[in-house]
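Okay, here's what each chain looks like letter by letter:
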Amino acid sequence: MKILVTGGLGFIGSNFIQHTFEEHQDFRITNIDACLPGSNPNNLSDLKNKNYEYVKGNITNKKLIEKLVLKSDAVINFAAESHVDRSISDPRPFIDSNIIGAYTILEAIRKHKKRLIQISTDEVFGSLKSNSADEGFPFNPSSPYAASKASAEALAKSYVTTYDCDVIITRCTNNYGPRQSPEKLIPKTILYAEKNKKIPVYGTGKNIRDWIFVLDHCDAILRVLLKGKKGESYNIAGQNEIDNLTIIKKILDIMKKPKELIQFTKDRPGHDFRYSLNSRKIYRELGWKPAHDFESGLEHTIEWYTKNKAWRKNVSSSDMTKTSWKTR
Ligand SMILES: NC(=O)c1ccc[n+]([C@@H]2O[C@H](COP(=O)([O-])OP(=O)(O)OC[C@H]3O[C@@H](n4cnc5c(N)ncnc54)[C@H](O)[C@@H]3O)[C@@H](O)[C@H]2O)c1
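Residues numbered from 1 in each chain as written. Predicted model: local features only at pLDDT ≥ 70, side-chain atom pairs only at ≥ 80, totals over all residues. Heavy atoms only, no water.

Chemist: I would appreciate a short explanation of the side chain of Thr-301 in the present structure.
Modeler: Looking at where Thr-301 falls in the secondary structure, it is placed in helix 10 (residues 294–307). Excluding its chain neighbours within four sequence positions, the residues that come into contact with Thr-301 are Tyr-176, Gly-177, Ile-186, Ile-190 and Phe-213. (Helix = DSSP H or I, 4+ residues; strand = E, 2+ residues; numbered from the N terminus. Contact = heavy atoms within 4.5 Å.)

Chemist: Just to check I follow, could you spell out the pattern of salt bridges for this structure?
Modeler: As a working rule, side chains carrying opposite charge can pair if their charged atoms are close by. Going through the model one piece at a time under the given rule, you end up with 19 salt bridges. In this structure, Glu-66 and Lys-62 form a salt bridge, with 4.0 Å as the shortest nitrogen-oxygen distance. Of this pair, Glu-66 and Lys-62 both sit in helix 2 (residues 62–70), 4 residues apart, which is roughly one turn of that helix. You can call Lys-62 exposed: its relative accessible area is 56%. Put simply, Asp-85 and Arg-268 hold a salt bridge, and the shortest N to O gap is 2.7 Å. Placement of Asp-85 in helix 3 (residues 84–89) and of Arg-268 in the loop between strand 12 (262–265) and helix 9 (280–286) is noted, with a sequence separation of 183 residues between them. For the pair Asp-85 and Arg-268, a shared accessibility class is recorded, and that class is buried. Residues participating in the shared-partner salt-bridge network are Lys-62, Glu-66 and Lys-111. (Salt bridge = Lys/Arg side-chain N within 4 Å of Asp/Glu carboxyl O. Buried < 20%, exposed > 50% of the residue type's maximum accessible area, 1.4 Å probe, protein only.)

Chemist: Could you clarify how one ought to interpret the site of the ligand in this entry?
Modeler: Contacts to the ligand come from 29 residues, most closely from Asp-33, Leu-36, Ser-82, Tyr-145 and Lys-149. The backbone of Ala-34 places a nitrogen or oxygen atom 3.1 Å from a nitrogen atom of the ligand. Calculation on the ligand without its partners gives an accessible area of 830 Å², and the protein chains cover 97% of this total. Elements that contribute at least two residues to the shell around the ligand include exactly helix 1 (11–23), strand 5 (115–121), helix 5 (144–163) and strand 7 (174–176). If you tally residues by element for the shell around the ligand, the top one is strand 5, at 3 residues. Grouping the amino acids of the shell around the ligand by side-chain chemistry returns 14 nonpolar, 13 polar and 2 charged. (Near = heavy atom within 4 Å. Polar contact = N/O pair within 3.5 Å; in protein donor to acceptor, adjacent residues only side chain to side chain. Areas by Shrake-Rupley, 256 points an atom, 1.4 Å probe, with all protein chains shown as cover. Nonpolar A, V, L, I, M, F, W, Y, C, P; charged D, E, K, R; others polar.)

Chemist: When you look at helix 1 in this model, what are you seeing that I'm missing?
Modeler: Residues three or four positions apart in an α-helix share a direction because the helix packs 3.6 residues into each turn. Helix length check: helix 1 (13 residues) gives 19 Å between terminal C-alpha atoms against 18 Å at 1.5 Å per residue, within 8%. Within helix 1, 11 of the 13 residues are buried, which leaves the element mostly enclosed by the surrounding structure. (Expected span 1.5 Å × (residues − 1).)

Chemist: I tried to follow the sheet that holds strand 7 on my own but got confused; where do I start?
Modeler: Strand pairing in a sheet relies on backbone hydrogen bonds. The paired strands run either parallel or antiparallel. Read from one edge to the other, the open sheet built from 3 strands follows the order 7-9-11, with strand pairing classed as mixed. The sheet terminates laterally at strand 7 and strand 11 (241–243), the two strands that pair on one side only. In this sheet, adjacent strand axes meet at a mean angle of 50° when their direction is disregarded. (Pairing = 2+ DSSP bridges. Axes fitted to C-alpha atoms, helices over the stretch in contact; angles between N-to-C directions.)

Chemist: Can you walk me through the layout of surface pockets in this structure?
Modeler: Here the largest pocket defines a volume of roughly 200 Å³. Sorting the residues of the lining of the largest pocket by element identifies helix 5 and strand 6 (167–172) as the ones contributing at least two each. Of the residues that constitute the lining of the largest pocket, the class distribution is 7 nonpolar, 3 polar and 5 charged. (1 Å grid on protein atoms, 1.4 Å probe; cavity = no way out; pocket = protein on both sides within 12 Å on 5 of 7 lines; lining within 4 Å. Points joined across faces, edges and corners; volume = space filled by probe spheres on them.)

Chemist: How should I be thinking about the packing of aromatic side chains in this particular structure?
Modeler: Describing an aromatic ring pair means giving the distance of the ring centres and the angle of the ring planes. Counted by the stated rule, this structure contains 12 aromatic pairs. Centroid distance Trp-304 to Tyr-305: 5.0 Å. Interplanar angle 85°. Geometry classified as edge-to-face. Comparing Trp-304 with Tyr-305, the two get one shared label, buried. Taken together, the ring pairs connect Tyr-176, Trp-211, Phe-213 and Phe-294 into an aromatic cluster. Sitting above the plane of the Tyr-163 ring, Arg-110 keeps its charged end 3.9 Å from the centroid. Here the guanidinium or amino end of Lys-281 rests over the ring plane of Tyr-234, the centre of that ring lying 4.9 Å away. (Phe/Tyr/Trp six-rings, centres within 6.5 Å; stacked < 30°, edge-to-face > 60°. Lys NZ or Arg CZ within 6 Å of the ring centre and 35° of its normal.)

Chemist: Whenever I open this one, the sheet that holds strand 2 (residues 28–33) confuses me. Can you help?
Modeler: Pairing is parallel across the open sheet formed by 7 strands, whose spatial order is 3-2-1-4-5-6-10. The sheet is open, and its two borders are formed by strand 3 (52–56) and strand 10 (233–236), each paired with just one other strand. When strand polarity is set aside, the average angle formed by the axes of neighbouring strands in this sheet is 20°. Where helix 5 meets the sheet, it contacts strand 5 and strand 6, and its direction lies at approximately 150° from that of strand 5.

Chemist: How do you make sense of the environment of Gly-287 when you look at a structure like this?
Modeler: Turning to its location among the elements, Gly-287 is positioned in the loop between helix 9 and helix 10. Remark: the alpha-carbon pair of Gly-287 and Lys-250, spanning 37 residues in sequence, is separated by 31 Å. Excluding residues within four positions of it along the chain, Gly-287 makes contact with Arg-223 and Ile-282.

Chemist: Would you explain the packing of helix 6 (residues 185–194) against helix 8 (residues 244–254) in this entry?
Modeler: Between two packed helices, both the angle of their axes relative to each other and the distance between the axes serve to describe the pair. In the contact formed by helix 6 and helix 8, the axes pass within 10 Å of each other and the chain directions differ by 40°. The orientation of helix 6 with respect to helix 8, classified from their angle, is oblique. Between helix 6 and helix 8 the crossing geometry is right-handed. On helix 8, the residues that touch Leu-185, Ile-186, Thr-189, Ile-190 and Ala-193 of helix 6 are Asn-244, Ile-247, Ile-248, Ile-251 and Leu-252. Residues that form the contact of helix 6 with helix 8 fall into these classes: 8 nonpolar, 2 polar and no charged. (Parallel < 35°, antiparallel > 145°, perpendicular 65-115°, else oblique. Left-handed = near helix turned anticlockwise from the far one by under 90°.)

Everything listed here is a matter of coordinates, which is why it stays silent on function.
Given below as structure tokens:
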């Protein structure tokens, strides 16, 4: 199978490429990535598979996307501006990559009749009090990031209805694991704790997210690619709903660091209280379930960041120091 992965130098895309080659050494993967925020060339520097090709380029480049889609069997669109804080300080790149980029890919798969897996997020459903969103739940995005992902989903769905395109949407909860940009909560906490730097926590730190180990997410996407039904969407949850403060405390405990490193900061605007997905459909229809529990996944993640010092060479110092939506 020949797969076009977009955004494969980022966190989930790079883990997906590694995971897919472990499962299917004979697959051919082309990765198009524009080296934007979230990317790190070191994410795939140890990849030796001769069936891997990297193309530096932007998914809004119609000509390039058409050429790459034509020689692939399927596209997995990970490429996106993914940081909510950045979307608050400047939404424009999110419109370009997450909406125009998705549109450009949809046009190419329509023309060449290829399968597209559009990677989306639980954030499209907005904040939930106690219930969990299933695949039919109404959208209620809060941030420009979430709105751009919901827009891409709406476009993708329209290409199924109007043009009978082979598109599947997957929505996942918060991922954690190796190769994530230290702008995000878990790697930032680990790297700050290691340096005994104050760890910023928005508001009360009581905001709840569901956390999934990144390789469980990658496994679910692979299953959707190979067995998913055209036109469907699948929710992918880790079933680990935890508040931010508890996660930070767990990391400090494992790293044997003092809780005094925690520093509460002003909350960001529109900070959703809780996201939650019901993922019974993918359990039932594709036989997928997460394989990693949160405790062991977190220990593995901490070990990875503390051991892989070479990986950090491409992490910009501004990514390490920016703490909130206000600082951009
Ligand atoms: N990280 C999570 O917890 C999470 C949860 C649910 C869904 N998602 C979705 O999964 C996908 C991947 O997320 P991630 O955390 O790996 O993000 P990331 O920021 O780590 O990586 C995104 C990658 O996309 C590339 N990119 C962005 N815009 C591009 C463009 N216009 N052209 C080419 N490349 C471009 C970047 O260079 C980067 O390498 C995103 O679509 C995101 O919305 C992420």
